[in-house]
Amino acid sequence: MSRENWYKVDNVAKVFLATAAKRDTRTLRVSCTLWEDVDPELLQQAVESAIQLRPQFNVRVRRGIFWHYMEDTDLQPVVEKEHGRVCPSLYHPGRMMLHYKVTYYHKRINLDLFHAISDGTGALEFLNIIVFDYLKLKYPDELEELNIHSGASYDDLNQDSYRQFFGNLSLKSSALKVAYHPSGLKLPYDQLQFFEIQVPTDDILPKAKNIGVGMTSYIGAKLMLAIKDDMPPRKKHMPINVSMPVNLRNYYPSQTSRNFFNNVNVAHVFDEEISFEDLAKEFDAKLKENLTEENIKKQMDNFETMEYFIPVRAVPLFIKQMVVRYGSKIMDKKVSVVLSNLGVQRPPEEIIPKIRNYNGFCSSSNLFVVMSSYNGKMTLGISSPYSNTKVVKSFVRGLSEDGMKVTAYATEVIR
């Protein structure tokens, strides 16, 4: 076992380590679907090559007295045909294991990753390195000149950017109120159900532009209305809150492959009638206000401040984890749905004809939607812990009623 390097975990990773559970494994999945069936032997070679470019992923999490830490490991990934659940558990305290897994199924390549290791942006970069290297191996004559390295140094990739760009010491309580959650029982046996929704971007972009909002705001407003349809009259006073992870690399000069994101929230109380157009415009305005560099900086400073309080630093790990779990449960009650936009995927032109689509999922104890676009198609990966599928059906129906061609897939669950 190599212990040449060890690393402190970032503050976001500490939350994931404290709150990983059987249902919400704190695992995210990003996938790439090709036009041809995957060759598992070539994929294995591609993964082994990829970890040479991203050794930050080949680590194992260890428990210290005061905090967790990560260390290099000689454990090697083994590519497998996909079986079992999406977003499996990839962290078990004390167990020697890698915290990511690469699987395939027909034409699809999946990367499941424990969220303490990296965020959606880092996971997509790692997946693309695997996919690009796989395609180079499969088509050596066509793609010999394809460059799959970002050019970032080892230190840049391994940087704790929260600590690097942390500013003023400040600590303010959250102004969010307890939000409405979909009704009904949760699935048995700690299961999640996964839905994949596909919509042509040519169907949705003109609709959003006609209203004067972005695609994220359009989808966020549609989700709000779908959740509103599930609300009983006695709970109309409760806000519906859409929480959205924000890639902080867009605000700071960071190339880290580790976590570097924050969450912004847009909430609305349906205490009076409002049209979809007005709701989407309100959503867009609130989102833009939250996304100013000043507000992003304040939120990040607030999140990092706890790290510097001496009494907190001196508390043993098991007590810190109890406090973090409690805080996470309180925060979950203030979120109705998470909407994570991974953005438009733009692989090198040489391999666009060989890639059919990208998509993603994330485990969650609430509704979680992962949004991505590629080659004229918007894909939404929805994770739900609820037996009731009313919100998802209302959401799909809302898109269809707007004249969009919607394709939907769902996993089976054990009842």
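Rules and cut-offs
Residues numbered from 1 in each chain as written. Predicted model: local features only at pLDDT ≥ 70, side-chain atom pairs only at ≥ 80, totals over all residues. Heavy atoms only, no water. Salt bridge = Lys/Arg side-chain N within 4 Å of Asp/Glu carboxyl O. Helix = DSSP H or I, 4+ residues; strand = E, 2+ residues; numbered from the N terminus. Buried < 20%, exposed > 50% of the residue type's maximum accessible area, 1.4 Å probe, protein only. Arc of directions from axis to C-beta. Contact = heavy atoms within 4.5 Å. Domains from an automatic or database assignment. Buried area = accessible area lost by both parts, 1.4 Å probe. Polar contact = N/O pair within 3.5 Å; in protein donor to acceptor, adjacent residues only side chain to side chain. Nonpolar A, V, L, I, M, F, W, Y, C, P; charged D, E, K, R; others polar. Disulfide = S-S within 2.5 Å. Pairing = 2+ DSSP bridges. Expected span 1.5 Å × (residues − 1). Axes fitted to C-alpha atoms, helices over the stretch in contact; angles between N-to-C directions. Parallel < 35°, antiparallel > 145°, perpendicular 65-115°, else oblique.

(A) Quick peek at the pattern of salt bridges. Per the counting criterion, the structure on display carries 17 salt bridges. Here Glu-82 ties to Arg-29 by a salt bridge, and the two come within 2.8 Å at their closest N and O atoms. One end of the pair, Glu-82, is in the loop between strand S5 (80-81) and strand S6 (100-105); the other, Arg-29, is in strand S2 (residues 27-34), with 53 residues separating them in the sequence. Relative accessible area serves as the criterion here: at 4%, Arg-29 is assigned to the buried category.

(B) Representation of helix H6 (residues 201-211) in the model. Restricting attention to buried positions, one finds in H6 the residues Thr-201, Asp-203, Ile-204, Ala-208 and Ile-211. Projection of H6 onto a plane perpendicular to its axis shows the buried side chains occupying an angular sector of 155°, all on one side. Along H6, the residues that are exposed and aim more than 90 degrees away from the buried face are Asp-202, Lys-209 and Asn-210. Those residues of H6 hidden inside the fold are in contact with strand S8 (193-200), helix H7 (215-228), helix H8 (276-290), strand S13 (367-374) and strand S14 (377-384). Trailing H6 by a residue or two, Gly-212 shows a phi angle of about 90°, which is positive.

(C) Main features of the domain arrangement of the protein chain. Under the domain assignment used here, the protein chain contains domain 1 (6-144) and domain 2 (175-410). Centre-to-centre, using C-alpha coordinates, domain 1 lies 23 Å away from domain 2. If you look at the interface, domain 1 gives 57 residues, while domain 2 gives 46 residues. Where domain 1 abuts domain 2, roughly 4,400 Å² becomes buried across the two surfaces, and 56% of that area is made up of carbon and sulfur atoms. In terms of surface lost to domain 2, no three residues of domain 1 exceed Arg-23, Trp-35 and Trp-67, which account for 17% of the buried area on that side. For Glu-142, the salt bridge identified is with Lys-354, shortest N-O distance 3.0 Å. Here domain 1 is connected to domain 2 by 25 residue pairs in polar contact (both at pLDDT 80 or more). When contributions to the side of domain 1 that touches domain 2 are tallied by element, the ones reaching two or more residues are strand S1 (6-8), helix H1 (11-19), S2, strand S4 (68-72) and helix H3 (120-138). The residue makeup of the side of domain 1 that touches domain 2, split by class, is 29 nonpolar, 15 polar and 13 charged.

(D) Up close: the state of the cysteines. Counted by the stated rule, this structure contains zero disulfides. Distance from the sulfur of Cys-87, which forms no disulfide, to the nearest cysteine sulfur (Cys-362) is 6.1 Å. For Cys-87, a relative accessible area of 0% puts it in the buried group.

(E) Structural context of the pairing of S4. Burial runs high along S4: four of the five residues are buried. Examined bridge by bridge, S1 and S4 share three bridges and lie antiparallel to one another. Looking at the pairing, Trp-6 lines up with Glu-71 of S4. Bridge count for strand S3 (residues 59-63) against S4 is five bridges, and the pairing is antiparallel.

(F) Just the environment of Glu-293, in detail. Following the sequence through the fold, Glu-293 ends up in helix H9 (residues 293-305). Put simply, Glu-293 and Asn-250 are 43 residues apart on the chain and 9.8 Å apart in space, counted from C-alpha to C-alpha.

(G) Structural detail: H8. Across its 15 residues, H8 extends 21 Å between first and last C-alpha, which sits within 8% of the 21 Å expected from 1.5 Å per residue. All of the buried residues in H8 are Phe-276, Leu-279, Ala-280, Phe-283, Asp-284, Leu-287 and Asn-290. For H8, the buried positions fall inside an angular range of 135° around the axis, keeping them on one side. In H8, those exposed residues whose orientation departs by more than 90 degrees from the buried face are Lys-288 and Glu-289.

(H) Structural detail: the packing of H6 against H7. The contact between H6 and H7 brings their axes to 9 Å, and the two run at 90°. Between H6 and H7, the crossing angle belongs to the class labelled roughly perpendicular. Residues Thr-201, Ile-204, Leu-205, Lys-207, Ala-208 and Ile-211 of H6 lie in contact with H7, whose contacting residues are Met-215, Tyr-218 and Ile-219. When its residues are assigned to classes, the contact of H6 with H7 shows seven nonpolar, one polar and one charged.

(I) A look at the sheet that holds strand S9 (residues 239-247). One open sheet holds the seven strands; their spatial order is S10-S9-S11-S13-S14-S8-S15, and the pairing between them is mixed. Each end of this open sheet is capped by a strand with a single partner; those strands are strand S10 (261-269) and strand S15 (407-410). Recorded for the sheet is a direction-independent mean angle of 20° between the axes of neighbouring strands. In this sheet, S10 lies alongside S9 in antiparallel orientation, the contact comprising nine bridges. Each residue of the ladder has a partner; that of Asn-247, found in S10, is Phe-261.

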